[in-house]
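Single-letter residue listing:
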Amino acid sequence: MSAPNRSSRIFVAGHRGMVGGALHRRLKAGGYDNVIVRTRAELDLVDQAAVDAFYADERPDYVFIAAAKVGGIHANNTWRADFLYENLMIAANLIHGAHRQGVGRLMFLGSSCIYPRDCPQPIREEYLLQGPLEQTNEPYALAKIAGVKLCEAYNAQYRRQYVSVMPTNLYGPGDNYDLESSHVLPALLRKAHEARQAGDATMSVWGSGEPRREFLYVEDLADACVHLMETGYEGPPLNIGVGEDLTIRDLARTVMDVVGLKAELVLDRSRPDGTPRKLLDVSRLKAAGWSARTGLREGLERTYAAYLAQDGRASV
């Protein structure tokens with residue numbers, strides 16, 4: 001299929017989420033005038049008949065699958081059945097429905113958690129399925145692996161151009177700051193903000209602080225995805241990340257500095273650490289012509305500004 005033009009019909013599944021929202025903004029900023037979106041109330045992606053009817057009515061040329069049920073360690077490990085079932089159904093319905101409607105180009109957004117818990121670092125794409133997964137987020141990972149393999153299967157059997165990308169840990173505007181279900185960075189940002197407002201002398205962080213993580217600003221992810229769409233990438237799955245990581249302890253200290261919290265960092269070693277390290281090898285992405293642009297400090301400052309703008313927090 002040829003490269004998209006500004007009138008191509010592009011469906012962004014999950015535009016109300018952090019990733020889908022960033023994709024929607026990036027496409028609009030790029031002059032794409034026919035971006036198709038649906039809220040969860042308008043289209044239940046777990047309902048196969050509803051998804052098929054949507055495809056038949058809208059007939060998109062391109063599809064970005066950014067919709068998913070997401071959460072941090074606690075949410076993934078607590079609601080295991082929900083995470084597995086809903087994410088399996090979302091992936092299967094959107095990918096199979098696109099094929100049935102004749103959609104030639106599709107991008108499925110997976111996750112770096114699909115890789116084995118203890119695989120070599122940095123993580124190369126070929127390490128997929130080469131070892132056991134991290135138990136705390138295994139249901140979500142299995143559903144994402146199924147989506148990646150569905151894309152590969154439709155490409156092989158039906159000559160589709162369905163691409164899978166594996167983003168590293170993401171953050172930015174539109175993130176989830178619920179302490180029961182959020183990922184580590186937004187949780188730290190909220191805890192630091194509330195500690196500063198309360199005048200607390202300490203801030204607690206789950207685990208030993210030693211696990212290392214890589215963080216990509218979500219607007220950079222959106223730019224990478226649109227770049228791959230515009231350049232017609234149709235190769236094997238590829239990682240999207242920064243290629244650098246840091247410890248959770250150092251992340252927490254950076255967040256505290258950005259927020260302006262002067263407090264002691266306390267490590268709660270009774271809480272789980274999760275995977276020891278997740279650093280993506282991004283050489284395949286760089287070969288495709290894209291590299292991350294936003295440094296962690298800059299991205300955190302933008303994210304905190306967006307957080308303060310939500311619900312009038314700036315006046316708290």
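Residues numbered from 1 in each chain as written. Predicted model: local features only at pLDDT ≥ 70, side-chain atom pairs only at ≥ 80, totals over all residues. Heavy atoms only, no water.

**Q** Teacher, can you tell me more about the packing of aromatic side chains here?
**A** Geometrically, a pair of aromatic rings is defined through the distance of the ring centres and the angle of the planes. Counted under the stated rule, the structure contains nine aromatic pairs. Relative to Tyr-217, the ring of Tyr-171 lies with its centre 5.6 Å away and its plane at 50°, an arrangement referred to as tilted. Taken together, the positions of Tyr-171 in strand 6 (residues 169-171) and Tyr-217 in strand 9 (residues 215-217) put the pair 46 residues apart, joining distant regions of the chain. Neither residue differs from the other here; Tyr-171 and Tyr-217 are each classed as buried. Relative to Tyr-307, the ring of Tyr-304 has its centre 6.3 Å away and its plane inclined at 15°; by these criteria the two rings are stacked. Taken as a pair, Tyr-304 and Tyr-307 lie in helix 10 (residues 296-309) at a separation of three residues, close to a single helical turn. Among the residues examined, Tyr-304 registers a relative accessible area of 8% and is labelled buried. Put simply, the rings of Phe-11, Phe-54 and Tyr-55 pair up and form one aromatic cluster. (Phe/Tyr/Trp six-rings, centres within 6.5 Å; stacked < 30°, edge-to-face > 60°. Helix = DSSP H or I, 4+ residues; strand = E, 2+ residues; numbered from the N terminus. Buried < 20%, exposed > 50% of the residue type's maximum accessible area, 1.4 Å probe, protein only.)

**Q** Even after reading the chapter, I still don't get the state of the cysteines, so can you show me in this structure?
**A** The final tally for this structure, using the stated rule, is zero disulfides. Cys-119 provides the cysteine sulfur closest to Cys-113, a residue in no disulfide bond, and the two sulfurs are 12 Å apart. For Cys-225, which is in no disulfide, the shortest distance to another cysteine sulfur is to Cys-151 and amounts to 13 Å. (Disulfide = S-S within 2.5 Å.)

**Q** How do you make sense of the layout of surface pockets when you look at a structure like this?
**A** A probe as big as a water molecule, rolled over the atoms, marks out the empty space that is left. If you add up the space inside the second largest pocket, you get close to 220 Å³. Together, 15 residues line the second largest pocket, and Phe-215, Val-242, Glu-244, Thr-294 and Leu-296 are the ones closest to its centre. The residue inventory of the lining of the second largest pocket, partitioned by class, reads eight nonpolar, four polar and three charged. (1 Å grid on protein atoms, 1.4 Å probe; cavity = no way out; pocket = protein on both sides within 12 Å on 5 of 7 lines; lining within 4 Å. Points joined across faces, edges and corners; volume = space filled by probe spheres on them. Nonpolar A, V, L, I, M, F, W, Y, C, P; charged D, E, K, R; others polar.)

**Q** How should unusual backbone geometry be read in this particular structure?
**A** Most peptide bonds are trans, and most residues other than glycine sit at a negative phi. The residue after Gln-121, namely Pro-122, is reached through a cis peptide bond having omega -10°. Inspection of the secondary structure puts Pro-122 in the loop between strand 4 (105-109) and helix 5 (138-158). Even without a glycine there, the phi angle at Arg-159 is positive, about 60°. Checked against the element boundaries, Arg-159 lands in the loop between helix 5 and strand 5 (161-167).

**Q** What should I look at first to understand the sheet that holds strand 8 (residues 212-213) in this one?
**A** Sheets are built from strands that pair by backbone hydrogen bonding, the pairs being arranged parallel or antiparallel. Strand order in the open sheet made by the three strands is 11-8-13, with mixed pairing throughout. The strands lining the two open edges of the sheet, one partner per strand, are strand 11 (246-247) and strand 13 (277-278). Pairing analysis gives two bridges linking strand 8 to strand 13, with the strands arranged parallel. Paired with Arg-213 across the bridge in strand 13 is Lys-278. (Pairing = 2+ DSSP bridges.)

**Q** I keep staring at the sheet that holds strand 3 (residues 62-65) and nothing clicks. Help me out?
**A** Taking strand neighbours across the sheet as the criterion, the six strands line up as 2-1-3-4-5-10 in an open arrangement whose pairing is parallel. If you trace the sheet from one side to the other, it starts and ends with strand 2 (35-36) and strand 10 (238-240), each paired once. Bridging between strand 1 (residues 10-13) and strand 3 involves four bridges; their strand directions are parallel. Bridge pairing links Ile-10 to Tyr-62 in strand 3. The sheet strands contacting helix 1 (residues 18-29) are strand 1, strand 2, strand 3 and strand 4, and the helix crosses strand 1 at an angle near 155°. (Contact = heavy atoms within 4.5 Å. Axes fitted to C-alpha atoms, helices over the stretch in contact; angles between N-to-C directions.)

**Q** What is the right way to read the pattern of salt bridges from this model?
**A** If charged atoms from side chains of opposite charge come close, those side chains can pair. Overall, the coordinates contain 22 salt bridges when judged by the stated rule. Linking Arg-284 and Glu-126 is a salt bridge whose minimum nitrogen-to-oxygen distance equals 3.9 Å. Of the two residues, Arg-284 sits in helix 9 (residues 283-287) while Glu-126 sits in the loop between strand 4 and helix 5, which places them 158 residues apart along the sequence. One continuous salt-bridge network, built from bridges that share partners, spans Arg-124, Glu-125, Glu-126, Asp-281 and Arg-284. (Salt bridge = Lys/Arg side-chain N within 4 Å of Asp/Glu carboxyl O.)

**Q** Help me understand the environment of Ala-141 in this model?
**A** Among the secondary structure elements, Ala-141 is positioned in helix 5. Exposure remark for Ala-141: the relative accessible area of 0% places this residue in the buried category. As a C-alpha pair, Ala-141 and Gly-131 span 10 residues in sequence and 13 Å in three-dimensional space. If we ignore the near neighbours within four places in the chain, the residues touching Ala-141 are Cys-113, Ile-114 and Leu-133.

Keep in mind that these numbers describe shape and distance, not what the molecule does.
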